[in-house]
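# Examination of the molecular architecture
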Amino acid sequence: MTTATAGLRGPLRKRDSHLWQRHSEDWYAEPPWCSKRLFEFGQFFGPVWDPACGFGRIVQSACAAGLEAHGTDIAVRPGGWAVRDFLDAGDVLAPNIVSNPPFGIAERFVSRALDLAERKVAMLLPANWVQGDKRSRWLETTPLLKVWFLTPRPSMPPGPVVEAGVS
């Protein structure tokens, strides 16, 4: 093995992919094309609720696909969405729950969505979330039907960075 190819076969070096400080509420904004693609290829019947809607991009994509949709978030966000803590919202049932959940509490968020959704749950999560040993074993106990990978990997800056027009 030559020096040029040795690096290809050895351990991967850590990428410096964190350009911004972590947001205290894990509010990261997905690019609009992510949810647009989901609603182009996924079939949803009935209204869609995004309980961590941030800017409302998933809600907007659902509406553009002809679906009724609404959003809530744990804090006041741009767009005037209702403020509601999804994990403590009572037994509010919804036909479909689609969200880019806060990654730090994503497992609890997904579990809650599975309890409340009458039809379908779709969550935007990093690929390593479904490939890790602990979560992949947990996912086996859920009614997970499909995992779709988005390419290219979307950049998700913190909401305030998007608000400031920096990204």
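Quick look at the nonpolar core now. Nonpolar side chains tend toward joint burial in soluble globular proteins. Residues Leu 38, Phe 39, Phe 44, Val 48, Cys 53, Ile 58, Val 59, Ala 62, Leu 67, Ala 69, Val 98 and Ala 122 constitute the largest nonpolar core, which totals twelve residues. Among the elements that make up this core, the one with the highest residue count is helix 3 (residues 57–64) (three residues). What Phe 44 contacts, discounting residues up to four positions off in sequence, is Leu 38, Phe 39, Leu 67, Asn 96, Val 98, Lys 120 and Ala 122. Core analysis: the next-biggest nonpolar cluster, separate from the first, contains nine residues, Phe 86, Phe 109, Ala 113 and Ala 117 among them.

Below, the discussion takes up the confidence of the model for the protein chain. Of the residues in the protein chain, 89% reach a pLDDT of 70 or more, and the chain-wide mean stands at 84. In the model, residues 1–16 has pLDDT below 50 throughout and makes three contacts with residues more than four positions away in sequence or in other chains.

Attention now moves to unusual backbone geometry. In the segment running from Thr 151 into Pro 152, the intervening peptide bond is cis, with an omega of -5°. In this structure, Pro 152 sits in the loop between helix 6 (133–139) and helix 7 (159–163).

Before going further, it helps to examine the sheet that holds strand 3 (residues 82–83). The strand order across the open sheet built from five strands is 3-2-1-4-5, with neighbouring strands paired in parallel fashion. Both edges of this open sheet fall to strand 3 and strand 5 (117–123), since each of them pairs with a single strand only. In the sheet, strand 1 (residues 48–50) pairs with strand 4 (residues 94–99) via two bridges, with the strands oriented parallel. Residue pairing across strands places Val 48 opposite Asn 96, the latter belonging to strand 4. Running at roughly 175° to strand 2 (residues 69–73), helix 3 makes contact with strand 1, strand 2 and strand 4 of the sheet.

The next point concerns the pairing of strand 2. Along strand 2, four of the five residues are buried, which leaves the element largely enclosed by surrounding structure. Two strands pair when backbone bridges link them, and strand 1 and strand 2 are joined in this way by three bridges, in the parallel orientation. Each residue of the ladder has a partner; that of Trp 49, found in strand 2, is His 70. Where strand 2 meets strand 3, two bridges bridge the pair, whose relative direction is parallel. Pairing of Thr 72 across the sheet is with Ala 82, part of strand 3.

As enumerated under the stated definition, the model contains four aromatic pairs in all. Their ring planes at 40° and their centres at 5.2 Å tell us that Trp 27 and Phe 55 sit as a pair that is tilted. Remark: Phe 55 occurs in the loop between strand 1 and helix 3 and Trp 27 occurs in the loop between helix 1 (3–9) and helix 2 (32–41); sequence separation between them is 28 residues. For the pair Trp 27 and Phe 55, a shared accessibility class is recorded, and that class is buried. Aromatic pair Trp 49 and Phe 86: ring centres 5.3 Å apart, planes at 80°, arrangement edge-to-face. Note that Trp 49 is positioned in strand 1 and Phe 86 in the loop between strand 3 and strand 4, a separation of 37 residues in sequence. Residue Trp 49 is classed as buried on the basis of its relative accessible area, which comes to 1%. Taken together, the ring pairs in this structure connect Trp 49, Phe 86 and Phe 109 into an aromatic cluster. Here the basic side chain of Arg 77 rests over the ring of Trp 27, its NZ or CZ set 4.2 Å away from the ring centre.

Conventions and cut-offs
Residues numbered from 1 in each chain as written. Predicted model: local features only at pLDDT ≥ 70, side-chain atom pairs only at ≥ 80, totals over all residues. Heavy atoms only, no water. Core = buried A, V, L, I, M, F, W, Y, C linked by side-chain atoms within 4.5 Å. Buried < 20%, exposed > 50% of the residue type's maximum accessible area, 1.4 Å probe, protein only. Helix = DSSP H or I, 4+ residues; strand = E, 2+ residues; numbered from the N terminus. Contact = heavy atoms within 4.5 Å. pLDDT = per-residue confidence, 0-100. Pairing = 2+ DSSP bridges. Axes fitted to C-alpha atoms, helices over the stretch in contact; angles between N-to-C directions. Phe/Tyr/Trp six-rings, centres within 6.5 Å; stacked < 30°, edge-to-face > 60°. Lys NZ or Arg CZ within 6 Å of the ring centre and 35° of its normal.

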